[in-house]
Amino acid sequence: IERLFRPMIELLRPALGAEIEWSVPPEFLDQELPSLGRKRKRGGRIVDKLVKVRLLRGGDRYLLIHVEAQNKRDPGFPERVFTIFYRLRDKYHVKADITCLVLLTDLSPNWHPDTYEHEAFGVHLRFTYPYIKLADLEDQLIAKEKELWRDHQRKLEEQLGRNREELALQRAALEREVARGAERL
């Protein structure tokens, strides 16, 4: 995620990518997640990322992006996303705006968690967040790859045409030169 952060944001959340000041390198604050009570680990490592970016609109505020990857159905997942959000907000709200990028890597076609709700005695909380389901992107990515390949092929064909024209001009110039040389003999 760190090495491919910019292209990932620009591909998956283009409106967000357009608001980031990319001349200021993103800062990865993964060490902050354990202090927020983050306990879930895979292979001994926390898989979430917390990224601090500067926005184009400038000022002293910045944006924190919580990147959360989920590879299987989990009924507690929306609450976990909300919990990290409110803990980040509690800790940083004066200095930063906060958003999340949820990556669903599971293959379950009917699982699209995007909301956490809680209601108790007249108090209703509804927290929604954007998510990207990578399995849903497959057709889009294949279409984009085909489009890029067609563009690349078209450019190669245009270059080949220009090269043929240039070679024809060089050949004609060489033939004229040879003809002039033959006339002198």
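Preceding this paragraph is the structure being described.
Parameters at a glance
- Residues numbered from 1 in each chain as written.
- Predicted model: local features only at pLDDT ≥ 70, side-chain atom pairs only at ≥ 80, totals over all residues.
- Heavy atoms only, no water.
- Helix = DSSP H or I, 4+ residues; strand = E, 2+ residues; numbered from the N terminus.
- Rg over C-alpha atoms; globule rule 2.2 N^0.38 Å.
- Buried < 20%, exposed > 50% of the residue type's maximum accessible area, 1.4 Å probe, protein only.
- Contact = heavy atoms within 4.5 Å.
- Phe/Tyr/Trp six-rings, centres within 6.5 Å; stacked < 30°, edge-to-face > 60°.
- Lys NZ or Arg CZ within 6 Å of the ring centre and 35° of its normal.
- Pairing = 2+ DSSP bridges.
- Axes fitted to C-alpha atoms, helices over the stretch in contact; angles between N-to-C directions.
- Arc of directions from axis to C-beta.
- Expected span 1.5 Å × (residues − 1).
- Bend = angle between axes of the 7 residues up to and from the residue.
- Right-handed = clockwise from strand over helix to strand, strands pointing away.

Draft legend 1. Representation of the overall build of the protein in the model. The number of helices and strands found in the protein is 5 helices and 7 strands. Moving toward the C terminus, one meets the helices and strands of the protein in the order α-α-β-α-β-β-α-β-β-β-β-α. The C-alpha atoms of the protein give 27 Å as radius of gyration, which overshoots the globular expectation for 185 residues (16 Å, by more than 25%). With respect to the principal axes defined by its C-alpha atoms, the protein has extents near 105 × 40 × 35 Å. The buried share of the protein, reckoned over its 185 residues, is 31%. Of the contacts formed within the protein by residues at least 6 apart in sequence, a portion of 61% connects residues at least 24 apart.

Draft legend 2. Region of interest: the packing of aromatic side chains. Under the defined criterion, the tally for this structure stands at 8 aromatic pairs. Aromatic side chains Phe 82 and Tyr 116 sit 5.1 Å apart centroid to centroid with 20° between the ring planes, which places their arrangement in the stacked category. Residue Phe 82 is located in helix H4 (residues 77–92), and its partner Tyr 116 is located in strand S5 (residues 115–120); the two are separated by 34 residues in the primary sequence. Taking the relative accessible area as the measure of exposure, Tyr 116 reaches 13% and is therefore buried. Directly above the ring of Tyr 62 sits Lys 52, whose terminal nitrogen or CZ lies 4.2 Å from the centroid.

Draft legend 3. Looking closely at the sheet that holds strand S2 (residues 49–53). Spatially, the 5 strands line up as an open sheet ordered S1-S2-S3-S4-S7, and their pairing is mixed. A single partner strand is all that each edge strand has here, and the edge strands are strand S1 (27–28) and strand S7 (131–133). As paired strands, strand S4 (residues 96–104) and S7 are joined by 3 bridges and run parallel to one another. Residue pairing in the sheet places Leu 104 in a bridge with Lys 133 of S7. Sheet strands in contact with helix H1 (residues 5–12) are S1, S2, strand S3 (62–70), S4 and S7, and its direction is about 80° off that of S4. Docked against the sheet, helix H5 (residues 134–184) engages S4 and S7, running at close to 65° with respect to S7.

Draft legend 4. The arrangement of H1 in detail. Within H1 the residues assigned to the buried category are Phe 5, Met 8, Ile 9 and Leu 12. Buried residues of H1 fall within an arc of 95° about the axis and therefore sit on the same side.

Draft legend 5. Spotlight on H5. An ideal rise of 1.5 Å per residue puts 75 Å on 51 residues; H5 measures up with 72 Å between its terminal C-alpha atoms. Of all the bends in H5, the greatest measures close to 30° and is centred on Gln 140.

Draft legend 6. Examining the pairing of S4 more closely. With respect to burial, S4 is a largely interior element, 8 of its 9 residues being buried. When S3 meets S4, the two strands line up parallel, connected through 9 bridges. In the strand pairing of S4, Glu 68 is matched with Val 102. Once you follow S3 into H4 and on to S4, the crossover reads as right-handed.

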